[in-house]
Amino acid sequence: MAKQVIKVPDLGGADQVDVIEITVAAGDTVAQEDSLIVVEGDKASMDVPAPVAGKILSISVKEGDKVSEGDVIGEIETDVAEAPAEEPAAAPAQEDAAPAAEPVAEAPAAAASGEPKEETIQIPDLGGADAVDVIEISVQPGDTVEEGDSLIVVEGDKASMDVPSPSAGTVVSIAVKEGDKVSTGDTLGVLKVVAAGGAAAPAAQAAVPAAAAPVESAPQQAPLSVEPPAVPQKDYQLERNLTAAAQVYAGPAVRKLARELGVTLNKVKPTGPRNRVSKDDLHNYIREQVKKAESGAVGGGIGIAKMPDIDFSQFGPVSVEPMSKIHKITAANMSRNWLNVPHVTQFDDADITELETFRKSMKAEAEKRGVKLTPVPFLLKAVAAALRAEPSFNVSLHNDGEQIVRKDYVHVGMAVDTPKGLMVPVIRDVDKKGLYELAAEATEMALKARDGKLKPNEMQGACFTISSLGAIGGTGFTPIVNSPEVGILGVSKLAVKPVWNGEDFEPRQMLPLALSYDHRAVNGGDAGRFMTYLVSVLADVRRLLL
Ligand code: CAO
């Protein structure tokens, strides 16, 4: 075991950078290259990595301190013998960081005339890092930039950095996008440079020494994948015109963690120096979100407070019994659908006087065939016809929120009230089946549901649901859409009502209907047409033959 002093490595020419985050504490065990602290200069932030694996004995800097190359930041206990102070502790092979003198921006040879000149901008020397991620695009075509203004922000394993404009000018094009991987020499874009009397040539090269500085002075300790450029001559930061995302200040380790956790950084409240988002801020944000989720307060900002726990026995005698599995599933589905689906319910009464006359006339024949002809098979058939006539209801919203799924089959769910709870068996290809067949199938499915004999696939794949409370009673109710379906028909008890026929009030048998729909998928006009068609078919079932 040997103690080793940890020092700030080569900062690529930057001096007096801020310590913005301490990522370890005394006693922590770290692997070589693990981040110990995060420092930030004017143009870039970077992790200071552990030079060797070991146990942290102390960290002698704190957030807000200023440090320079060679400053001691702590001590580590390691199995590796400490290198002599003058020798690089872990001098990396620098083959990949060699091209110190190689120009990375084309010098505008003809710009001396003072005429605007289009200049290709290339990714500068990245201090040995290769294929780094473009994490932010700070400008867009047409933007005017000063020399040194950030064009894009890139991030490697250990640091993020701005890629500065080599000259003042107008951005003509940017050839990369967020998420791209870039390496030194890759084309970044095109800049129109206005040079006054030949001044543009040195200006265009200005970024080269700045970005190449770390290469010229090879890292003394553990190598950094991306080195920050040299501290600029003036405070370009003030002039930067960054996008909202780019205005969030965070170290690379925090950015990486945020990406891994899927957190949008500009939602996190920063408490670090210079309004920087720290790891603690990120953790606090996530803790808050989890707390909200557990209290049921999430879901598009609905902010519903959790129900209080109530001891009902204080009000009178009670008994507590477990909910059936079906009841629990129904409860979860109802909440999900109620909260996720913007519901609209449209009402109408269908005049089924003729349908009832016909149904009653067919009842005896149906019984001979062993089926019970209630209004439900007629409703199934009429709904199937309406789904074909108004296919706007025969859809589902794709989960990506970008697409709509149109169905070329007509399967209809039928809500069945069972002692164990609500079940919804599905009758397939309703549009292709006759009334007797539908009556038989509806009865069979209802019996199976009540006997708990439905198979999972017999409750899947519906395009639409019918919930009939007609045999029970009521004048109307608003059913909840059974998502991913987008419509449900609630049927109430048939009632004889006086209907004006133009000359007189006539007693007609009116069936109250309530059509609930998902307004994300279906518009009021579609619903109006669907309902009108449905009512017309129920009023005159001969239309089903058309
Ligand atoms: N108005 C008046 N009478 C009606 C009617 C209506 N809208 N619908 C059915 N009826 C009559 C039937 O004609 C039958 O009368 P007869 O025996 O004289 O012919 C009687 O009511 C009983 O019908 P049924 O219940 O045996 O059969 P059905 O086809 O009407 O219904 C089913 C089948 C499975 C839909 C029904 O039994 C059921 O479970 N309904 C409840 C659905 C439910 O719970 N929905 C709520 C979901 S949200 O919580």
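Keep in mind that what you see is a predicted model, and the values were worked out from it rather than measured. (Residues numbered from 1 in each chain as written. Predicted model: local features only at pLDDT ≥ 70, side-chain atom pairs only at ≥ 80, totals over all residues. Heavy atoms only, no water.)

(A) Representation of the pattern of salt bridges. What the rule picks out here adds up to 20 salt bridges. Taking the shortest distance from any N to any O, the salt bridge between Asp 526 and Arg 529 comes out at 3.0 Å. Here Arg 529 and Asp 526 lie together in helix 10 (residues 524–539), a separation of three residues that amounts to about one turn. Classification of Arg 529 as partly exposed rests on a relative accessible area of 43%. When salt bridges with common partners are traced through the structure, they connect Asp 351, Glu 354, Glu 506 and Arg 508 into a single cluster. (Salt bridge = Lys/Arg side-chain N within 4 Å of Asp/Glu carboxyl O. Helix = DSSP H or I, 4+ residues; strand = E, 2+ residues; numbered from the N terminus. Buried < 20%, exposed > 50% of the residue type's maximum accessible area, 1.4 Å probe, protein only.)

(B) Structural detail: the site of the ligand. As a matter of local geometry, the ligand sits amid 22 residues, with Thr 374, Arg 450, Ser 467, Ser 492 and Leu 494 nearest to it. In this structure, an oxygen atom belonging to the ligand sits 3.0 Å away from a side-chain N or O atom of Lys 363. The contact in question runs from a nitrogen atom of the ligand to an N or O atom on the side chain of Ser 467, over 2.8 Å. Of all the secondary-structure elements, those providing two or more residues to the shell around the ligand are helix 7 (353–368), helix 8 (375–389), strand 23 (416–418), helix 9 (435–450) and strand 26 (464–468). The class makeup of the residues in the shell around the ligand is 11 nonpolar, five polar and six charged. (Near = heavy atom within 4 Å. Polar contact = N/O pair within 3.5 Å; in protein donor to acceptor, adjacent residues only side chain to side chain. Nonpolar A, V, L, I, M, F, W, Y, C, P; charged D, E, K, R; others polar.)

(C) Spotlight on the environment of Pro 342. Position of Pro 342 relative to the elements: it lies in the loop between helix 6 (325–340) and strand 19 (343–351). When its relative accessible area of 36% is taken as the criterion, Pro 342 is described as partly exposed. Setting aside its immediate chain neighbours within four residues, Pro 342 contacts Tyr 517, Asp 518, His 519 and Arg 520. (Contact = heavy atoms within 4.5 Å.)

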